[in-house]
Amino acid sequence: MGKSAAVDELNCGACGYNTCREHALAIWKGLAESEMCLPYTIEQLHKTIDDLANSNNRLASTQEALMQSEKLASMGQLAAGVAHEINNPLGVVLMYAHLILDKYGDHTALKDDLHLIAEQADRCKKIVSGLLNFARRTRRF
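What this report covers is the structure whose coordinates are included nearby.

Observations regarding the overall build of the protein chain
Here is step 1 of the chain: When its secondary structure is counted, the protein chain shows three helices and zero strands.
Here is step 2 of the chain: When the helices and strands of the protein chain are read in sequence order from the N terminus, they spell out α-α-α.
Here is step 3 of the chain: When the 141 residues of the protein chain are sorted by exposure, 18% land in the buried category.
Here is step 4 of the chain: For the protein chain, the proportion of contacts with a sequence separation of at least 24, taken over those separated by at least 6, is 51%.
Here is step 5 of the chain: Per element, the accessible surface of the protein chain, about 10700 Å² overall, is 58% carbon and sulfur.

Quick look at the structure:
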């Protein structure tokens with residue numbers, strides 16, 4: 001019961017015995033239980049409350065991590081959807097820019113503009129590719 005020295009003994013009588021030693025002897029003989037000691041029971045309750053508080057904190061932390069993981073997965077799905085929706089029309093713009101460039105590449109005014117269109121469309125494709133890579137990484141969590 002955590003009473004190893006005489007100073008630990010309260011001799012409060014809450015258990016029904018006059019001294020803690022009498023109570024300990026009754027426990028040893030099987031006539032009493034340690035829970036009959038009020039200070040011991042209160043101490044055990046405090047330990048249980050502390051354990052429950054720690055478990056509750058760990059549970060809250062785990063729930064927060066799970067919510068973050070779910071948010072990240074949702075962001076990945078959203079990024080994949082947006083990337084695919086942008087990729088298709090972007091491929092058409094890029095294809096037509098190259099076709100017009102092949103056909104009218106001799107006109108210097110058009111040539112510079114078409115190169116700019118093709119460069120920017122390629123840049124957008126790289127951004128979209130990055131979104132798709134992000135989406136693939138988040139789906140693994």
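A short note on the nonpolar core
Here is step 1 of the chain: Within the largest apolar cluster, eleven residues are counted, these being Ala79, Ala80, Ala83, Leu90, Leu94, Ala97, Ala118, Ala121, Val128, Leu132 and Ala135.
Here is step 2 of the chain: The set of elements that each furnish at least two residues to this core consists of α2 (38–104) and α3 (108–139).
Here is step 3 of the chain: In terms of residue count, the dominant contributor to this core is α2 (six residues).
Here is step 4 of the chain: Those residues in contact with valine 128, other than ones at most four positions away along the chain, are Ala83, Ile86, Asn87 and Leu90.

A few points about the pattern of salt bridges
Here is step 1 of the chain: Scanning the model with the defined rule gives one salt bridge in all.
Here is step 2 of the chain: The partner of glutamate 43 in a salt bridge is lysine 47, with the nearest N and O atoms 3.5 Å apart. Linking glutamate 43 with lysine 47, this pair stays in helix α2, spanning four residues, or about one helical turn.

Thoughts on helix α1 (residues 20–28)
Here is step 1 of the chain: All buried positions along α1 are accounted for by Cys20, His23 and Ala26. An end-on view of α1 places all buried positions within 120° of arc, on one side of the element. Across α1 from its buried face, at more than 90 degrees, point the exposed residues Arg21 and Trp28.
Here is step 2 of the chain: Glycine 30 sits one or two positions beyond α1 and adopts a positive phi of about 85°.

Digging into α2
Here is step 1 of the chain: With 67 residues, α2 should cover 99 Å at 1.5 Å per step; its first-to-last C-alpha distance of 97 Å lies within 8% of that length.
Here is step 2 of the chain: Of all bends in α2, the biggest is about 25°, found at asparagine 87, and the proline proline 89 comes one to four residues later.
Here is step 3 of the chain: All of the buried residues in α2 are Tyr40, Gly76, Ala79, Ala80, Ala83, Leu90, Leu94, Ala97 and Leu101.

Regarding a nonpolar patch on the surface
Here is step 1 of the chain: On the surface, a cluster of nonpolar side chains totalling about 620 Å² of accessible area is made up of Val92, Met95, Tyr96, Leu99, Ile100, Tyr104 and Leu110.
Here is step 2 of the chain: Among the elements that take part in the nonpolar patch, α2 stands out by supplying six residues, more than any other.
Here is step 3 of the chain: Checked against the element boundaries, tyrosine 96 lands in helix α2.

Looking at the environment of alanine 83
Here is step 1 of the chain: Position of alanine 83 among the secondary structure elements: in helix α2.
Here is step 2 of the chain: Separated by 47 residues in the primary sequence, alanine 83 and glycine 130 place their C-alpha atoms 8.9 Å from one another.
Here is step 3 of the chain: When near neighbours in sequence (up to four residues on either side) are disregarded, alanine 83 contacts Val128, Leu131 and Leu132.

Scoring rules and cut-offs
- Residues numbered from 1 in each chain as written.
- Predicted model: local features only at pLDDT ≥ 70, side-chain atom pairs only at ≥ 80, totals over all residues.
- Heavy atoms only, no water.
- Helix = DSSP H or I, 4+ residues; strand = E, 2+ residues; numbered from the N terminus.
- Buried < 20%, exposed > 50% of the residue type's maximum accessible area, 1.4 Å probe, protein only.
- Contact = heavy atoms within 4.5 Å.
- Areas by Shrake-Rupley, 256 points an atom, 1.4 Å probe, with all protein chains shown as cover.
- Core = buried A, V, L, I, M, F, W, Y, C linked by side-chain atoms within 4.5 Å.
- Salt bridge = Lys/Arg side-chain N within 4 Å of Asp/Glu carboxyl O.
- Arc of directions from axis to C-beta.
- Expected span 1.5 Å × (residues − 1).
- Bend = angle between axes of the 7 residues up to and from the residue.
- Patch = residues over 30% accessible without salt bridge, like charges linked within 9 Å, V, L, I, M, F, W, Y side chains within 5 Å.

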